[in-house]
Amino acid sequence: MRILDNRYRCDPKAAAALAALDGVEVVEGDVRYANAVEGAMRGVEAVVHLAAVCLNKSISDPTESLDVNLLGTQNVLDAAARGGVRRVIHASSASIYGNATSLPTHEDTPPSPLTPYCTAKLAGEHLLSFYAKRSKLSWLALRFFNVYGPGQQTDAYYTSVVLTFLRRLAAGEAPVIDGRGEQSMDFVHVTDIARAVGMALDSTASGMALNVGTGCQTTIADLAAHLIRALGMDVQPIFRPREVLVTRRAADIGRIRETLGWEPTIGLEEGLASVIEHLKVTGELN
Ligand SMILES: NC(=O)c1ccc[n+]([C@@H]2O[C@H](COP(=O)([O-])OP(=O)(O)OC[C@H]3O[C@@H](n4cnc5c(N)ncnc54)[C@H](O)[C@@H]3O)[C@@H](O)[C@H]2O)c1
């Protein structure tokens, strides 16, 4: 297995641990450079395309976002098609639905990408279709919902709220919620995401996008309550009166169930416990 990463955001310890595994080669390189991608693609049978700069960066720097997320994806798919790669799994995103009005959201819901990041993710799905017609590659695009889990970075756009609340609680402070905390997310554990990627690689299904979520909506207020309970603390969240755009997320997971036989296996309570446990091991939480 070969991993191409420009180390923009990868955890150096995790990268070193991966590089130490038998049969794993970690190559430092950037998806924006076609030569680097082509070199990393040599002899490869299947590609999981995860490299991206995330949503918040997309708003502050649309050009960089499109450079990495659109042209970088184009480089990956072009090299894969020309190199005779058999299978590509593309990390797409629930954000392509915009402020979804139909919940749970089905894959056939018309997309409404609101930022360059979301536009690039959706374009990646269309580019896959373009390349599949011109080569032997088969593909699936996985539309991840709100991924969380042990080891996640503090600035993970959608799910940093988990760590932000936990860090405040660790300092003995109440979580602060903007508005009434009615915004909801569909939190899906990283272990279930990894299983979905593995099953997508092994499947012969091709040419479609699949939601990867749990189907459960958790509001920000519910999340705060879950975390307070998990830590056995006696605090109440602070509600900060603010105009907030109330967005909601919940995945319709009928298609991935039917296509891959995938089901989420880690519920929110167990998943949050795994994040808390990790923070205890790293000494960030007592
Ligand atoms: N985390 C989520 O909730 C979520 C939701 C929807 C979709 N996704 C998608 O899943 C994928 C993984 O997300 P993540 O949260 O682990 O993101 P991340 O930012 O933690 O990881 C992205 C990786 O890509 C690498 N990278 C960035 N720019 C690169 C470049 N130009 N060339 C090579 N490597 C580069 C980074 O160093 C990092 O290791 C991304 O494509 C993301 O858009 C994530």
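Residues numbered from 1 in each chain as written. Predicted model: local features only at pLDDT ≥ 70, side-chain atom pairs only at ≥ 80, totals over all residues. Heavy atoms only, no water.

Asks: Quick question: what am I supposed to make of the domain arrangement of the chain here?
Replies: How big an interface is tends to be expressed through the accessible area that disappears when the partners come together. The domains assigned to the chain are domain 1 (1-144) and domain 2 (148-188 + 216-286). Counting every contact that joins domain 1 to domain 2 gives 1 salt bridge. Ionic pairing is found between Asp108 and Arg255, a salt bridge with its closest N-O pair at 3.0 Å. In this assembly, domain 1 and domain 2 are joined by 4 residue pairs in polar contact (both at pLDDT 80 or more). Of the residues in the side of domain 1 that touches domain 2, the class split is 9 nonpolar, 7 polar and 4 charged. (Domains from an automatic or database assignment. Salt bridge = Lys/Arg side-chain N within 4 Å of Asp/Glu carboxyl O. Polar contact = N/O pair within 3.5 Å; in protein donor to acceptor, adjacent residues only side chain to side chain. Nonpolar A, V, L, I, M, F, W, Y, C, P; charged D, E, K, R; others polar.)

Asks: Just checking my understanding: could you explain the packing of helix 6 (residues 160-170) against helix 8 (residues 220-230) for this structure?
Replies: Two quantities define a packed helix pair, namely the angle between the helix axes and the distance between the axes. At a minimum axis distance of 10 Å, the contact between helix 6 and helix 8 shows a crossing angle of 45 degrees. With respect to helix 8, the element helix 6 is oriented oblique. As helix 6 runs across helix 8, the sense of the crossing is right-handed. Contact residues: helix 6 offers Val161, Val162, Phe165, Leu166 and Leu169, while helix 8 offers Ile220, Leu223, Ala224, Leu227 and Ile228. Taken together, the residues of the contact of helix 6 with helix 8 break down into 10 nonpolar, no polar and no charged. (Axes fitted to C-alpha atoms, helices over the stretch in contact; angles between N-to-C directions. Helix = DSSP H or I, 4+ residues; strand = E, 2+ residues; numbered from the N terminus. Parallel < 35°, antiparallel > 145°, perpendicular 65-115°, else oblique. Left-handed = near helix turned anticlockwise from the far one by under 90°. Contact = heavy atoms within 4.5 Å.)

Asks: Explain helix 10 (residues 268-281) to me, please; I cannot follow it from the model alone.
Replies: One full turn of an α-helix is made of 3.6 residues, so residues set three or four places apart face in the same direction. Between its first and last C-alpha atoms helix 10 spans 20 Å; for 14 residues at 1.5 Å apiece the expected length is 20 Å, and the two agree. Of all the positions in helix 10, only Leu268, Gly271, Leu272, Val275, Ile276 and Leu279 are classed as buried. Seen along its axis, helix 10 keeps its buried residues to an arc of 140 degrees; they face one direction. Facing away from the buried side of helix 10 by more than 90 degrees, the exposed set consists of Glu269, Glu270 and Val281. Buried residues along helix 10 sit against strand 6 (146-148), helix 6, strand 9 (187-189), strand 11 (218-219) and helix 8. The positive-phi residue at the C-terminal boundary of helix 10 is Gly283, with phi of around 80 degrees. (Expected span 1.5 Å × (residues − 1). Buried < 20%, exposed > 50% of the residue type's maximum accessible area, 1.4 Å probe, protein only. Arc of directions from axis to C-beta.)

Asks: What am I meant to see in the environment of Val27 here?
Replies: Mapped onto the fold, Val27 is located in strand 2 (residues 25-28). Sequence-wise, Val27 and Gly98 are 71 residues apart; in three dimensions their C-alpha atoms are separated by 34 Å. Every residue in contact with Val27, bar those within four places of it in the chain, is listed here: Arg2, Ile3, Leu4 and Asp5.

Asks: What's the story with the packing of aromatic side chains in this structure? I'm lost.
Replies: The relative placement of two aromatic rings is captured by the distance of their centres and the angle of their planes. Inspection of the entire model under this criterion finds 3 aromatic pairs. Note on Tyr97 and Phe145: the rings are 6.4 Å apart at their centroids and 40 degrees apart in plane angle, and the pair reads as tilted. Note that Tyr97 is positioned in the loop between strand 4 (87-93) and helix 5 (116-133) and Phe145 in the loop between strand 5 (138-144) and strand 6, a separation of 48 residues in sequence. For Tyr97, a relative accessible area of 3% gives the class buried. Looking at Phe145, the relative accessible area reads 4%, which means it is buried. On the basis of an interplanar angle of 85 degrees and a centroid distance of 5.9 Å, the ring pair of Tyr148 and Phe187 is categorised as edge-to-face. (Phe/Tyr/Trp six-rings, centres within 6.5 Å; stacked < 30°, edge-to-face > 60°.)

Asks: Looking at this structure, I do not really get the side chain of Glu64. What am I missing?
Replies: With respect to the element layout, Glu64 can be found in helix 4 (residues 62-82). When sequence neighbours within four positions are dropped, the list of residues in contact with Glu64 reads Arg32, Val53 and Lys57.

Asks: What should I look at first to understand the side chain of Asn211 in this one?
Replies: Inspection of the secondary structure puts Asn211 in strand 10 (residues 208-212). Within the local environment of Asn211, its side chain forms a polar contact with the side chain of Tyr97, the two groups lying 2.7 Å apart.

Asks: Is there a simple way to think about the site of the ligand in this case?
Replies: Taken together, 25 residues form the shell around the ligand, and within it Asp5, Arg9, Leu50, Tyr117 and Lys121 come nearest. At a separation of 2.8 Å, an oxygen atom of the ligand approaches a polar side-chain atom of Lys121. In isolation the ligand exposes 820 Å². Once the protein is present, 87% of that is buried. A per-element tally of the shell around the ligand places strand 4 first, with 3 residues. Counted by class, the shell around the ligand contains 14 nonpolar, 5 polar and 6 charged residues. (Near = heavy atom within 4 Å. Areas by Shrake-Rupley, 256 points an atom, 1.4 Å probe, with all protein chains shown as cover.)

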